[in-house]
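# Results of the structural survey
Here is what each chain is made of, one letter per residue.
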Amino acid sequence: LKFVCISNDGVDDHMIWLIGLKNIFARQLPNMPKEYIVRLLFDRSHKSVMVIRRNHVVGGITYRPYASQKFGEIAFCAITADEQVKGYGTRLMNYLKQFARDLDGLTHFLTYADNNAVGYFIKQGFTKEIHLDKDRWQGYIKDYDGGILMECKIDPKLPYTD
Ligand code: ACO
């Protein structure tokens, strides 16, 4: 089992994993247009943290780091159907926080959570109260009325992974 953070960099394995993650998102996020999923996944300003088991993608989180603003926007998050509620989603989020803090220098995450995923995000430390200064994120993330804006602060020192 491994956790990787990749973007569309042309490496063969990475392309295959991105396509695998695209298929999981398309199935698990039926309200998202497939073209939109593909566009963001392969957009070079987005990154994806994925769980890989025996060279197959189990799930992932795609995000856009805004380095100058020190926050990241989570675009998509899903675990493949038969592997949900086994703890992968929690471990994935912990790796995301570790990578985003140590590689991108981020302090916060924002996301528009689907109604049915709010409970998962709360368990991962997200809140519906947004503490981040509005001028740090306004104009950067796009308004989306299919979800609830949620925030998570990344601890500056905590080891999130083992
Ligand atoms: N609602 C409430 N609680 C949840 C949900 C949920 N939808 N999903 C998981 N949990 C809880 C679990 O019960 C568990 O609680 P516990 O620690 O008390 O046992 C905790 O959250 C973590 O569970 P994991 O097993 O780590 O979560 P999982 O691997 O299933 O991943 C995820 C969670 C990503 C939401 C997965 O269930 C999934 O892919 N769902 C369908 C797609 C989806 O809704 N994605 C998010 C959309 S919003 C967005 O993409 C920005």
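What comes next is a walk through the structure.

### A short note on the site of the ligand
Taken together, 23 residues lie around the ligand, and C77, V85, G87, G89 and N116 are the ones closest in. Between the ligand and the protein, one listed contact pairs an oxygen atom with a backbone N or O atom of G87 at 2.7 Å. Bound to the protein, the ligand loses 76% of the 950 Å² it would expose on its own. Assessed atom by atom at 2 Å from the grid points, the ligand resides in the largest pocket. Contributions of two or more residues to the shell around the ligand are made by β4 (71–79), α3 (88–104), β5 (108–113) and α4 (118–123). Top element by residues in the shell around the ligand is β4. It accounts for five residues. Of the residues in the shell around the ligand, the class split is twelve nonpolar, eight polar and three charged.

### Here we look at the packing of aromatic side chains
Evaluation of the coordinates by the stated rule reveals ten aromatic pairs. Look at Y63 and F109: their rings are 5.7 Å apart centre to centre, the planes differ by 80°, and that puts the pair in the edge-to-face class. Placement of Y63 in strand β3 (residues 56–66) and of F109 in strand β5 is noted, with a sequence separation of 46 residues between them. Of the two residues, Y63 and F109, both sit in the buried class. One aromatic cluster is present, formed by F3, Y95 and F99 through successive ring pairs.

### Some thoughts on the environment of G146
Within the element layout of this structure, G146 appears in the loop between α5 (134–137) and β6 (148–153). Placed 32 residues apart in sequence, G146 and D114 show a C-alpha to C-alpha distance of 6.8 Å.

### Focus on α3
An α-helical turn contains 3.6 residues, so a residue and the one three or four places further along point in the same direction. In this model, α3 (17 residues) spans 23 Å end to end at C-alpha, consistent with the 24 Å of a helix rising 1.5 Å per residue. Looking at α3, one finds that the buried residues are Y88, G89, L92, M93, Y95, L96, K97, Q98, F99, A100, R101 and D104. G105, located one to two residues past α3, shows a positive phi value of around 70°.

### So, unusual backbone geometry
Its identity as a non-glycine residue notwithstanding, N55 has a phi of 65°, on the positive side. Among the secondary structure elements, N55 is positioned in the loop between β2 (47–53) and β3. Residue N55 is classed as partly exposed on the basis of its relative accessible area, which comes to 47%. The phi dihedral of K70 falls on the positive side, at around 60°, and the residue is not glycine. Assignment of secondary structure puts K70 in the loop between β3 and β4. On the basis of relative accessibility, which here comes to 41%, the residue K70 falls in the partly exposed class.

Parameters and conventions
- Residues numbered from 1 in each chain as written.
- Predicted model: local features only at pLDDT ≥ 70, side-chain atom pairs only at ≥ 80, totals over all residues.
- Heavy atoms only, no water.
- Near = heavy atom within 4 Å.
- Polar contact = N/O pair within 3.5 Å; in protein donor to acceptor, adjacent residues only side chain to side chain.
- Areas by Shrake-Rupley, 256 points an atom, 1.4 Å probe, with all protein chains shown as cover.
- 1 Å grid on protein atoms, 1.4 Å probe; cavity = no way out; pocket = protein on both sides within 12 Å on 5 of 7 lines; lining within 4 Å.
- Sits in = over half its atoms within 2 Å of the grid points.
- Helix = DSSP H or I, 4+ residues; strand = E, 2+ residues; numbered from the N terminus.
- Nonpolar A, V, L, I, M, F, W, Y, C, P; charged D, E, K, R; others polar.
- Phe/Tyr/Trp six-rings, centres within 6.5 Å; stacked < 30°, edge-to-face > 60°.
- Buried < 20%, exposed > 50% of the residue type's maximum accessible area, 1.4 Å probe, protein only.
- Expected span 1.5 Å × (residues − 1).

By themselves, these observations are geometric and do not establish any function.
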